[in-house]
Amino acid sequence: FFFFSLHVLTHLDYWDALVTCFFLDTANNIIEFIETIYKILKPGGKWINLGPLLYHYTDMPGEQSIDISYEEVLHVITKTGFIIEKNERVQTFYTHNPKGMMNTLYNAGFLSLSKPQ
């Protein structure tokens, strides 16, 4: 739902906080996503993000995708203007059935960010 909503959000400096989970890598253009999140947060606003970088459009016929490393994502985040308050790598499941025979564990990035006042 939010993937499509991000493109229609036009209220600049509107949101106090935004939480994204397993979201950034769903973008064709992750840089545009980061810039849009910055624009819609109020000064002093917070952004919490958790997820891996699987880049859903990589190798998809007819699609273009900007696939950058985690370190490059951090660079884009700071160049956009965010202040990184927390940057950790955490192990997490996307879906998990503790009784199942298969589970996928991700080494995901966990970020707590703020937009300066």
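Above this text you will find the structure in question.
Please read these numbers as outputs of a predicted model, since none were measured by experiment. (Residues numbered from 1 in each chain as written. Predicted model: local features only at pLDDT ≥ 70, side-chain atom pairs only at ≥ 80, totals over all residues. Heavy atoms only, no water.)

## Thoughts on the side chain of Thr20
- With respect to the helices, strands and loops of the structure, Thr20 is situated in strand β1 (residues 15-21).
- Within the local environment of Thr20, its side chain forms a polar contact with the side chain of Trp47, the two groups lying 2.8 Å apart.
- Aside from chain neighbours lying at most four places away, what touches Thr20 is Trp47, Ile48, Asn49 and Leu50. (Helix = DSSP H or I, 4+ residues; strand = E, 2+ residues; numbered from the N terminus. Polar contact = N/O pair within 3.5 Å; in protein donor to acceptor, adjacent residues only side chain to side chain. Contact = heavy atoms within 4.5 Å.)

## A closer look at the pattern of salt bridges
- By the definition in use, this model includes 4 salt bridges.
- Here Glu88 and Lys86 are joined by a salt bridge, their closest N and O atoms 3.9 Å apart.
- What makes Lys86 partly exposed here is its relative accessible area of 37%. (Salt bridge = Lys/Arg side-chain N within 4 Å of Asp/Glu carboxyl O. Buried < 20%, exposed > 50% of the residue type's maximum accessible area, 1.4 Å probe, protein only.)

## What about the pairing of β1?
- Two strands pair when backbone bridges link them, and β1 and strand β2 (residues 41-51) are joined in this way by 6 bridges, in the parallel orientation. Paired with Ala17 across the two strands is Lys46, which belongs to β2.
- For the handedness criterion, the β-α-β arrangement of β1, helix α2 (residues 30-40) and β2 is classed as right-handed. (Pairing = 2+ DSSP bridges. Right-handed = clockwise from strand over helix to strand, strands pointing away.)

## Considering the packing of aromatic side chains
- Taken as a whole and judged by the stated rule, the model has 6 aromatic pairs.
- Measuring from centroid to centroid gives 5.6 Å for Phe22 and Tyr106, while their planes differ by 70 degrees, and the two rings are edge-to-face. With Phe22 in the loop between β1 and α2 and Tyr106 in strand β4 (residues 105-114), this residue pair connects regions lying 84 residues apart in the sequence. Each member of the pair, Phe22 together with Tyr106, is buried.
- Arranged with centres 5.2 Å apart and planes meeting at 50 degrees, the rings of Trp47 and Phe82 form a pair that is tilted. Here the residue Trp47 occupies a position in strand β2, and Phe82 occupies one in the loop between α3 (70-80) and β3 (83-93), the gap between them amounting to 35 residues.
- Look at Trp47 and you get buried, because its relative accessible area is 0%. (Phe/Tyr/Trp six-rings, centres within 6.5 Å; stacked < 30°, edge-to-face > 60°.)

## Re the nonpolar core
- Within the largest apolar cluster, 21 residues are counted, with the highest numbers of intra-cluster contacts made by Ile34, Trp47, Ile77 and Phe82.
- Residue assignment for this core shows that the elements contributing at least two residues are α2, β2, α3 and β4. (Core = buried A, V, L, I, M, F, W, Y, C linked by side-chain atoms within 4.5 Å.)

## Side note on the environment of Trp47
- In this structure the C-alpha to C-alpha distance between Trp47 and Asp67, which are 20 residues apart in sequence, comes to 21 Å.
- Trp47 has contacts with Leu18, Thr20, Leu24, Ile34, Ile37, Leu41, Ile77, Phe82, Leu111, Ser112 and Leu113, leaving out every residue within four places of it along the chain.

## A word on the sheet that holds β4
- Spatially, β1-β2-β4-β3 is the arrangement adopted by the 4 strands of the open sheet, whose pairing is mixed. Sheet topology places β1 and β3 at the edges, where each strand pairs with a single neighbour. In this sheet, adjacent strand axes meet at a mean angle of 15 degrees when their direction is disregarded.
- Against the sheet, α2 makes contact with β1 and β2, and its axis sits at roughly 140 degrees relative to β2, the strand it touches most.
- Across the sheet, α3 touches β2, β3 and β4, and the angle it forms with β3 is around 150 degrees. (Axes fitted to C-alpha atoms, helices over the stretch in contact; angles between N-to-C directions.)

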